[in-house]
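Each chain, written out:
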Amino acid sequence: PQPVPEDHLPDSIVTQDDDENDATRTLDGQSQQKGVVQEEEQSANPLYVSCQVCTDQPPQQQQQYDDSIYIDEDDDDYPADMRIQKEEEEEQLEEDAPKKPKRTIEEELTFLERISDTRYQVQVGFVPNMKVPAEIIVNSDLQTLLVQELRDTCCIGPYAEAEQSFIPALRQAANVAALPGIVKASLAMPDVHSGYGFCIGNVAAFDMEDPLSVVSPGGVGFDINCGVRLIRTNLTEVDLTGEMKEKLAEEMFQKIPVGVGRKGEIKCTEDDLDRLLAEGVDWAVEKGLAWPEDRDHCEENGRMDMADPSFVSKRAKKRGLKQLGTLGAGNHYAEIQIVDEVYDQNAADTMGIGKVGQVCIMIHTGSRGLGHQVATDALTTMERAMSKDKIELNDRQLSCARIGSREGKEYLAGMASAANFAWVNRSCITALTRKVFADMFKRTPEEMEMHLVYDVCHNIAKVEEHSIGGVMKKLLVHRKGSTRAFPPYHPNIPKDYQSIGQPVLIGGTMGTCSYVLVGTDKGMTETFGSTCHGAGRALSRNQSRKKLDHVQVLERLKNDGISIRVASPMLVAEEAPESYKNVTDVIDTCEDAGISRKVVKLRPVAVIKG
């Protein structure tokens, strides 16, 4: 792709000359056989699934759980450079540890109870030291995937978690329920799937007044403040007819740096970086990379005040300097979308997206290599903190520190800095997008009313107040692969959205629809004001590459009238709709559970990916 001409951009945007490729592309974990299973009809118990090993019947099919996942700095799930230190020593400790008895799938499922049409509870005792239950919000169809994981892993190896390279999402949610200081329940949204430490879709809150409460990088994710923003326009689908849609997609692909290792075109000195890490979107506004009104429509106004750039390592800052204003790879994208259906006209009109056929742009990315490095750096620190404070965990991936400890405070300051970087990153991409539309349509962004609807993050830990047992408490709420969804009249949402509730942006999978929701009072009560963040993976990236042909996926998108630009064609198979759950099922489950409410469905017409 050619650099953007400097006369087409604000003064803050220029092409960098540094050609160093700082990307990381590694494989984390090894394929391991997890047991032999046989398909059987479910019994009267909707959660019952028979396991071949448990029932001692002849094997019919060898089930292989391949968790070797494509990794780069954009993945929510696993760190790129994760290598277990002192591996031989730890392996010896595992060999010397007493082995706990295996449990059959039938025994596993005795801990699961369906407490409503959309909620399952994992009872205390499912894993050691649970302080609270784990609750999973799923419908009957979505829960099948979760139980499948248990069926595939229930009889493999000893019960000790340290000996399982793959931990099912249900058990991960339960392990989180065993962390010190957790309140109410470890919650999982309908897009839940296995992740690093916490499962993706996990929500967990810790009492700030409890000196034993912890903060865990695994509860935030390695792409800190991975998030979504939606920009509206006064254009309609008619404006994209003829060659315009293809030309617009190509121009966005050329002007927005995408893919692993791509460097940004934003002028940013080391002093600038320290300022934006501390100031967030305020810095972008000062530099002409964001409109003043944009910060009002960002979660936290695009700035976490607890940020302190001094707790971001030199290595992290080096990566950030080269990646400001870049989309990245993995599941990140920029999409041109069309308002396809309106479910709540009043709420849609309030957001300015109430006209069917209206053109919008959705941007999904995060803190890139800087945030990834902040998380990776924290793991080593957390290991030392756990040893010092004698914190025992069911899973080493849940590395944590006391919230009030030096290590806990430093991680939160670094995490907040990375979150600010992510808001600025999305602001820079917005500036590039506005310029592309202006150049293509020969109108100013203001004339096209390219206003920011909202910007939400779904990998974050934040201090919030919630009612626990009728008492308001200050909590540290971890949301990993889940989105804040505050109800109407909450003081932390924009004034113009007070009557409808906080906008919630849910991106679909490549080529499928996305949704705009709003938060509810019930969600505030039951899920700490949280809902889903997307469709949620159904296949690992390796499984997707093995099962899907990227050429066929591209052809199908073309037949559906979707223009696609992708830096790495092989990535297409990993991000194909078949690799994910059905996003509409996830959204409907959230609405049925009452934790969020549908406002608008958006249909993609052009997709730009790394």
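We now turn to the structure provided with this report. In this text, all values refer to a predicted model and were calculated from it rather than measured experimentally. (Residues numbered from 1 in each chain as written. Predicted model: local features only at pLDDT ≥ 70, side-chain atom pairs only at ≥ 80, totals over all residues. Heavy atoms only, no water.)

### Notes on the overall build of the chain
So, step 1. Counting its secondary structure elements, the chain contains 18 helices and 23 strands.
So, step 2. Counting the 610 residues in the chain, one finds 63% classified as buried.
So, step 3. Look at the contacts in the chain between residues 6 or more apart in sequence, and 78% of them connect residues 24 or more apart.
So, step 4. A total accessible area of about 22,500 Å² is found for the chain, and carbon and sulfur atoms account for 48% of it. (Helix = DSSP H or I, 4+ residues; strand = E, 2+ residues; numbered from the N terminus. Buried < 20%, exposed > 50% of the residue type's maximum accessible area, 1.4 Å probe, protein only. Contact = heavy atoms within 4.5 Å. Areas by Shrake-Rupley, 256 points an atom, 1.4 Å probe, with all protein chains shown as cover.)

### A short note on the packing of helix H10 (residues 314–323) against helix H12 (residues 368–389)
So, step 1. The interhelical angle for the contact between H10 and H12, taken along N-to-C directions, is 165°, at an axis separation of 7 Å. On the basis of the axis angle, H10 is roughly antiparallel to H12. Here H10 and H12 pass one another in a crossing that is right-handed. Along the contact surface, H10 presents Arg 315, Ala 316, Lys 317, Arg 319, Gly 320 and Gln 323, while H12 presents Arg 368, Gly 369, Leu 370, Gln 373 and Val 374.
So, step 2. Among the residues making up the contact of H10 with H12, the classes are represented as three nonpolar, four polar and four charged. (Axes fitted to C-alpha atoms, helices over the stretch in contact; angles between N-to-C directions. Parallel < 35°, antiparallel > 145°, perpendicular 65-115°, else oblique. Left-handed = near helix turned anticlockwise from the far one by under 90°. Nonpolar A, V, L, I, M, F, W, Y, C, P; charged D, E, K, R; others polar.)

### Focus: the sheet that holds strand S7 (residues 134–137)
So, step 1. Read from one edge of the open sheet, seven strands run S5-S6-S7-S8-S9-S17-S16, paired in mixed fashion. What marks the edges here is a single partner per strand, and that holds for strand S5 (112–116) and strand S16 (459–468). In this sheet, neighbouring strand axes are inclined to one another by 25° on average, regardless of whether the strands run parallel or antiparallel.
So, step 2. Each of S7 and strand S8 (186–193) is contacted by helix H18 (residues 583–593), which is oriented at about 150° to S8, the strand it contacts most. (Pairing = 2+ DSSP bridges.)

### Observations regarding the packing of aromatic side chains
So, step 1. In total, this model carries four aromatic pairs according to the counting rule given.
So, step 2. The ring of Tyr 343 has Lys 598 lying over it, and the distance from NZ or CZ to the ring centre is 4.4 Å. (Phe/Tyr/Trp six-rings, centres within 6.5 Å; stacked < 30°, edge-to-face > 60°. Lys NZ or Arg CZ within 6 Å of the ring centre and 35° of its normal.)

### Let's talk about the environment of Ala 249
So, step 1. With respect to the element layout, Ala 249 can be found in helix H6 (residues 244–255).
So, step 2. Taking the C-alpha atoms as reference, Ala 249 lies 8.7 Å from Glu 335; in sequence the two are 86 residues apart.

### Side note on H10
So, step 1. Within H10, seven of the ten residues are buried, which leaves the element mostly enclosed by the surrounding structure.
So, step 2. When we look at burial in H10, the residues that qualify are Ala 316, Lys 317, Arg 319, Gly 320, Leu 321, Lys 322 and Gln 323.
So, step 3. At its buried positions, H10 is contacted by helix H7 (270–279), H12 and helix H13 (406–441).
So, step 4. Gly 325, located one to two residues past H10, shows a positive phi value of around 80°.

### Looking at the side chain of Lys 255
So, step 1. Tracing the sequence through the fold places Lys 255 in helix H6.
So, step 2. Overall, the relative accessible area of 12% leaves Lys 255 in the buried class.
So, step 3. Engagement of the side chain of Lys 255 in a polar contact is seen with the side chain of Glu 251, the distance being 2.4 Å. (Polar contact = N/O pair within 3.5 Å; in protein donor to acceptor, adjacent residues only side chain to side chain.)

### Looking at the side chain of Thr 233
So, step 1. Here Thr 233 is to be found in strand S11 (residues 227–236).
So, step 2. Using a relative accessible area of 2% as the deciding quantity, one classes Thr 233 as buried.
So, step 3. A distance of 3.1 Å separates a polar atom in the side chain of Thr 233 from the backbone nitrogen of Leu 235.
So, step 4. Not counting the four nearest positions on each side in its chain, Thr 233 is found in contact with Gln 358, Val 359, Ile 361, Met 448, Glu 449 and Met 450.

### Looking at the pattern of salt bridges
So, step 1. Per the stated rule, a full pass over the model turns up 33 salt bridges.
So, step 2. In this structure, Glu 300 and Lys 462 form a salt bridge, with 3.2 Å as the shortest nitrogen-oxygen distance. With Glu 300 in the loop between helix H9 (292–296) and H10 and Lys 462 in strand S16, the pair connects residues that are 162 residues apart, well separated along the chain.
So, step 3. A network of salt bridges, in which partner residues are shared, links Glu 237, Asp 340, Glu 341, Lys 601 and Arg 603. (Salt bridge = Lys/Arg side-chain N within 4 Å of Asp/Glu carboxyl O.)

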